[in-house]
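Chain by chain, the residues:
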Amino acid sequence: LPQVCGISPHPSVHLEGVLGADPSAVANACQCPWALFPCGVPGGEGADPAIYDKDGDLYKNLERKFPGRNLTKRYEAMKHGFVPRGDLKESGVQEAVVECIQDISEFLQRNSLWRGELEMKVSTKSPRASTPRPPSPSSGASRPARRPRAGRRRRRRPPSSR
């Protein structure tokens, strides 16, 4: 399938450099526009490098291929990984997650990939704490017998010829 866009709240293309490749050259091989959301102050500890910013080589290469269709937005106050694993109880993290998801939504709409509206509910509760678990077999709770699904028959295996 052809790629239609790429989205990275925490770009890690710079790791290509660790492997001896040119991270900026990766953009030359891309077949679609990208939305990049690097974190931290460039040059700061744990920050994503400046290659993802408007003046960065990687972003410039993407713009040469897909003029005006790419997006970059740096979240200087956030740490790499804040969208999938940020602590929502920390100051500003929840707001930044919502803002980034809205930016992603706008990017998809601008590239005619999504027409829907975004409704998000962000919770600080652990998913395990809010979702009741079914009783385990060792708890003594009995489970109903499993019945075969309607319309499905078990196939008989032909006798093996040994």
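In this report, we go over the structure that sits alongside the text. In this text the structure is predicted, and so the values were computed from the model without any measurement.

Digging into the pattern of salt bridges
For the structure on display, the rule yields three salt bridges. Across the pair R74 and D53 runs a salt bridge, and its minimum N-O distance is 2.9 Å. Of the two residues, R74 is situated in the loop between β3 (71-72) and α4 (82-85) and D53 in the loop between β2 (34-36) and α3 (57-65); the sequence distance between them amounts to 21 residues. Here D53 falls in the buried class, since its relative accessible area comes to 17%. Of the charged contacts, one joins D103 and K73 as a salt bridge, the two residues approaching to 2.9 Å between their closest N and O atoms. On the criterion of sequence distance, the pair formed by D103 in helix α5 (residues 93-110) and K73 in the loop between β3 and α4 is long-range, its members being 30 residues apart. Here D103 falls in the buried class, since its relative accessible area comes to 11%. Each member of the salt-bridge network shares a partner with another, and the members are K73, E99 and D103.

What about a nonpolar patch on the surface?
A surface patch of nonpolar side chains, about 360 Å² in accessible area, is lined by L15, V18 and L19. Summarising the element assignment, L19 is placed in the loop between α1 (15-18) and α2 (23-29).

Section: the packing of aromatic side chains
The full count for this structure, using the stated rule, is two aromatic pairs. Taking the centre distance of 6.4 Å and the plane angle of 55 degrees together, the rings of F37 and Y75 count as tilted. In this pair, F37 sits in the loop between β2 and α3 while Y75 sits in the loop between β3 and α4, placing the two residues 38 residues apart along the sequence. Each member of the pair, F37 together with Y75, is buried. Residues Y75 and F82 carry aromatic rings whose centres are separated by 5.3 Å and whose planes lie at 50 degrees to one another, so their mutual orientation is tilted. There is no split in this pair, since Y75 and F82 are both buried.

The rules behind each value
- Residues numbered from 1 in each chain as written.
- Predicted model: local features only at pLDDT ≥ 70, side-chain atom pairs only at ≥ 80, totals over all residues.
- Heavy atoms only, no water.
- Salt bridge = Lys/Arg side-chain N within 4 Å of Asp/Glu carboxyl O.
- Helix = DSSP H or I, 4+ residues; strand = E, 2+ residues; numbered from the N terminus.
- Buried < 20%, exposed > 50% of the residue type's maximum accessible area, 1.4 Å probe, protein only.
- Patch = residues over 30% accessible without salt bridge, like charges linked within 9 Å, V, L, I, M, F, W, Y side chains within 5 Å.
- Areas by Shrake-Rupley, 256 points an atom, 1.4 Å probe, with all protein chains shown as cover.
- Phe/Tyr/Trp six-rings, centres within 6.5 Å; stacked < 30°, edge-to-face > 60°.

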